[in-house]
Amino acid sequence: MDKLMITGGVPLQGEIRISGAKNATLPILAATLLASEPVAISNIPHLHDVTTTLELLSGMGAQFTVGERMTLEVDTRDVTQCYAPYELVRTMRASILVLGPLLARYGEATVSLPGGCAIGARPVNLHIAGMQALGAEVQVENGYIKAKVKNRLQGTTVVLETVTVTCTENLMMAATLAKGTTVIKNAAREPEVEDLANFLNTLGAKISGAGTDTIVIEGVERLSGGEYRILPDRIEAGTYLAAAACTRGRIRIKDISPNILESVLLKLEEAGASISTGENWIELNMHGNRPRAVDVRTAPYPAFPTDMQAQMMAVNIGAEGTSTIIETVFENRFMHVQEMQRMGANIKLEGNTAICTGIETLSGAPVMATDLRASASLVLAGLVAKGDTIVDRIYHIDRGYECIEEKLRQLGALIQRISS
Amino acid sequence: MSTFLIKANADGSVLFSGELVYSAITPGLWEQSKEILTKAAAAIAINLNDVTQCDSTGVAFIVSWVRLAGKQNKKLSLLNVPAQMRTIIHVSGLEKLLPIL
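Residues numbered from 1 in each chain as written. Chains lettered and ligands numbered in written order. Predicted model: local features only at pLDDT ≥ 70, side-chain atom pairs only at ≥ 80, totals over all residues. Heavy atoms only, no water.

Novice: When you look at the overall build of chain A in this model, what are you seeing that I'm missing?
Specialist: For chain A, the helix and strand inventory stands at 14 helices and 24 strands. Computed over its C-alpha atoms, the radius of gyration of chain A comes to 21 Å, within 12% of the 22 Å expected for a compact globule of 420 residues. In chain A, which comprises 420 residues, the share counted as buried stands at 59%. Within chain A, contacts between residues separated by at least 24 positions form 73% of all contacts whose residues are at least 6 apart in sequence. (Helix = DSSP H or I, 4+ residues; strand = E, 2+ residues; numbered from the N terminus. Rg over C-alpha atoms; globule rule 2.2 N^0.38 Å. Buried < 20%, exposed > 50% of the residue type's maximum accessible area, 1.4 Å probe, protein only. Contact = heavy atoms within 4.5 Å.)

Shown next, in the form of structure tokens:
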């Protein structure tokens, strides 16, 4: 299992480009199952979860061609197996995103239940109920969701009990080829949901309202092919900006639209960063100063994202002052706290609130990654700590950050991957 | 492409009109926003009465106005916030951040 070794204390400086968003790429790849012609997708990040998705689609019969500038052409015309096996789904919960497209296009789907999740319960019952509302027969047997529909799915109104990104996306994809109009109420509003809707509309879907709590989908009989570019990864962007803030550095990130991470920029400015933005870049400069502690409350987009909570904690534990971080989205998303405490961080947990009192110097230590964003936060803590930090179980990081050690090295960080 | 316009009035108020959605927020709109904010008085009232549609990215755009105005020590206020925008602001818990009158 690979590890990352980081020698802290170097202020990050330089420029890097931001990759395509993982959280947009996975649903868009799943959505290629809906297309009747080949689809060319660009700005796909090189991530473990993307490889898993391609493996999943390949097992169904999809074919891939890598074109110029790393554009991926996906051809799903020869799909014959409407099956997502446990071996793949257990490594990536987002695999459930094939449920809706398979049902809509092929009338059947057998998808393994995803199993447990480290950051809290993310039940699939909403996906199942949604597909049933669209007219599918769904049974759960032997750890698999088995769904089928005679003829086409039927458009209807679905009110989601809770706001969930994946379920919104699954239903939106399923409804694209349904007969009639589907209305999804209490839908997720994240930019990645809008990106999926834009992608589907490029192929001929009729979706409106994405980005609001009510999405309307007029079903069409078929989707054609097309070309699409994935939007930039706002969480990756936020993570590097937080890394620069932690280390009192100055960096510029490019190929990113500032508008999609405004709430993060606001907090970083509150922490003392000077931020300037252009058409497709953001620059952060700490002027060599220690960050100030900032209070954070996670909430759905466009508020501060739960996927940036751990990284902001990495800023706060070395900051001047005391801060509170309230996690309102997932119930078990403070697993990085114990590891940060091993590095000397002063954090108290009270339910869904973490109270951080910043200390001047963290100390390097061996720590263990527990989930994707927690892992990133430990890397950030390692960048600012005195001495060496070894982050174990970094396969979590490889799921969501393209070339993290190369990008950090480009910014001057002392970081290397240790293969074992 | 959605139609969204920003107009700076002589009295210091700013009028947003049209569809404040993902596809409307172009680099050109950003540049225009910065220019208007730089030229604006210390207190800027944004009238949202003519915004016909708004999504979460549209609200993020307004957050960016608040951030940019703050950097220039200018005070922003939002007038006639449409219901759809209010819903997004409420669900995201941004009421305290956004100066709604």
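Next comes the rest of the description.
Novice: Mind showing me how you'd approach the packing of helix α1 (residues 22-31) of chain A against helix α7 (residues 191-202) of chain A here?
Specialist: To characterise two packed helices, one gives the angle between the axes of the helices and the distance between these axes. Residue and element names in this part refer to chain A. Running from amino to carboxyl end, α1 crosses α7 at an angle of 30 degrees, the nearest separation of the two axes being 9 Å. Taken together, α1 and α7 sit at an angle that is classed as roughly parallel. For the crossing formed where α1 meets α7, the hand is right-handed. The segment α1 lies against α7, with N23, A24, P27, I28 and A31 engaging E192, D195, L196, F199 and L200. Across the contact of α1 with α7, the residue classes tally to 7 nonpolar, 1 polar and 2 charged. (Axes fitted to C-alpha atoms, helices over the stretch in contact; angles between N-to-C directions. Parallel < 35°, antiparallel > 145°, perpendicular 65-115°, else oblique. Left-handed = near helix turned anticlockwise from the far one by under 90°. Nonpolar A, V, L, I, M, F, W, Y, C, P; charged D, E, K, R; others polar.)

Novice: It is not clear to me how the sheet that holds strand β1 (residues 3-7) of chain A should be interpreted in this structure. Could you clarify?
Specialist: Strand pairing within a sheet occurs via backbone hydrogen bonds; the two strands may be parallel or antiparallel. All names here are of chain A. The strand order across the open sheet built from 4 strands is β22-β23-β1-β24, with neighbouring strands paired in mixed fashion. Two strands close off the open sheet at either side, each with one partner strand: β22 (366-368) and β24 (414-418). The average angle at which neighbouring strand axes cross in this sheet is 20 degrees, direction not considered. Judged from the 5 bridges that link them, β1 and β24 form a sheet pairing that is antiparallel. Bridging across to β24, I6 finds its partner in I415. Across the sheet, helix α12 (residues 372-384) is in contact with β1, β22, β23 (388-392) and β24; its angle to β1 comes to roughly 30 degrees. (Pairing = 2+ DSSP bridges.)

Novice: Would you mind showing me how to read the packing of aromatic side chains here?
Specialist: Geometrically, a pair of aromatic rings is defined through the distance of the ring centres and the angle of the planes. Scanning all chains against the criterion turns up 7 aromatic pairs over all chains. When the centroid spacing of 5.5 Å and the interplanar angle of 70 degrees are considered together, the rings of A:F199 and A:Y228 count as edge-to-face. Of this pair, A:F199 sits in helix α7 while A:Y228 is found in strand β14 (residues 226-229), placing the two residues 29 residues apart along the sequence. You can call A:Y228 buried: its relative accessible area is 13%. Centre to centre, the rings of B:F4 and B:F61 are 6.2 Å apart; their planes meet at 85 degrees, and the pair counts as edge-to-face. Placement of the pair is B:F4 in strand β1 (residues 4-8) and B:F61 in helix α2 (residues 56-71), with a sequence separation of 57 residues. Here the two residues B:F4 and B:F61 agree in accessibility, since each one is buried. These aromatic residues form a ring-pair network of at least three members: B:F4, B:F16, B:F61 and B:W65. Above the ring of A:W281, the side-chain terminus of A:R252 is found at 3.8 Å from the ring centroid. (Phe/Tyr/Trp six-rings, centres within 6.5 Å; stacked < 30°, edge-to-face > 60°. Lys NZ or Arg CZ within 6 Å of the ring centre and 35° of its normal.)

Novice: When you look at the side chain of A:E405 in this model, what are you seeing that I'm missing?
Specialist: Following the sequence through the fold, A:E405 ends up in helix α14 (residues 404-410). The contact partners of A:E405, leaving out residues within four places of it in the chain, are A:L4, A:I415 and A:R417.

Novice: Would you mind showing me how to read the interface of chain B and chain A here?
Specialist: The partner chain A presents 27 residues to the 25 residues of chain B that form the contact. In terms of surface lost to chain A, no three residues of chain B exceed B:Y22, B:S56 and B:R67, which account for 30% of the buried area on that side. Along the contact surface separating chain B from chain A lie 3 salt bridges. With a closest N to O distance of 2.6 Å, B:R67 and A:E262 form a salt bridge. Counting every contact that joins chain B to chain A gives 11 residue pairs in polar contact (both at pLDDT 80 or more). Elements supplying a minimum of two residues to the side of chain B that touches chain A: α1 (27-39), β3 (43-54), α2 and α3 (83-91) of chain B. No other element matches α2(B), which puts 9 residues into the side of chain B that touches chain A. (Buried area = accessible area lost by both parts, 1.4 Å probe. Salt bridge = Lys/Arg side-chain N within 4 Å of Asp/Glu carboxyl O. Polar contact = N/O pair within 3.5 Å; in protein donor to acceptor, adjacent residues only side chain to side chain.)

Novice: How do you make sense of the pattern of salt bridges when you look at a structure like this?
Specialist: Where charged atoms from two side chains of opposite charge approach closely, those side chains can pair. Residue and element names in this part refer to chain A. In this structure the tally under the stated criterion is 25 salt bridges over all chains. As a salt-bridge pair, D49 and K22 come within 3.5 Å of each other at their nearest N and O atoms. Of this pair, D49 sits in helix α2 (residues 48-60) while K22 sits in helix α1, and the two are 27 residues apart along the sequence. Both residues of the pair, D49 and K22, count as buried. Residue K267 pairs with E270 through a salt bridge whose shortest N-O separation is 3.2 Å. Placement of the pair is K267 and E270 together in helix α9 (residues 262-270), with a separation of 3 residues, close to one helical turn.

Novice: It is not clear to me how the pairing of strand β21 (residues 353-357) of chain A should be interpreted in this structure. Could you clarify?
Specialist: Two faces, one strand: in a regular strand the side chains alternate between the faces of the sheet. Residues and elements named next belong to chain A. Relative to β21, strand β19 (residues 322-326) is paired through 5 bridges, and the arrangement is antiparallel. Its bridge partner lying in β21, T322 is registered against T357. Here strand β20 (residues 346-350) runs beside β21; their pairing, made up of 5 bridges, is antiparallel. If you follow E350 over to β21, its bridge partner there is T353. Counting the residues between successive antiparallel strands, the hairpin from β20 to β21 contains 2 residues, one of them, G351, with a positive phi of roughly 65 degrees.

Novice: Is there a simple way to explain helix α8 (residues 234-246) of chain A in this structure?
Specialist: Residue pairs spaced three or four apart in an α-helix point in one direction, given the helix's 3.6 residues per turn. Residue and element names in this part refer to chain A. In a regular helix each residue adds 1.5 Å, so 13 residues correspond to 18 Å; α8 covers 18 Å between its end C-alpha atoms and thus fits that length. Among the 13 residues that make up α8, 13 are buried, leaving the element largely enclosed by the rest of the structure. Here α8 starts with a cap whose side-chain oxygen sits 3.0 Å from the backbone nitrogen of I235, and that cap is D233. One or two residues past the end of α8 sits R248, with phi positive at roughly 60 degrees. (Expected span 1.5 Å × (residues − 1).)

Novice: Looking at this model, I keep getting lost on the sheet that holds strand β9 (residues 144-148) of chain A. Mind explaining?
Specialist: Residues and elements named next belong to chain A. Spatially, the 4 strands line up as an open sheet ordered β6-β7-β9-β8, and their pairing is mixed. Looking at which strands have only one partner, the edges of the open sheet turn out to be β6 (83-84) and β8 (137-141). Each of β6, β7 (108-112) and β9 touches helix α4 (residues 99-106); the most contacted strand, β7, lies at about 160 degrees to it.

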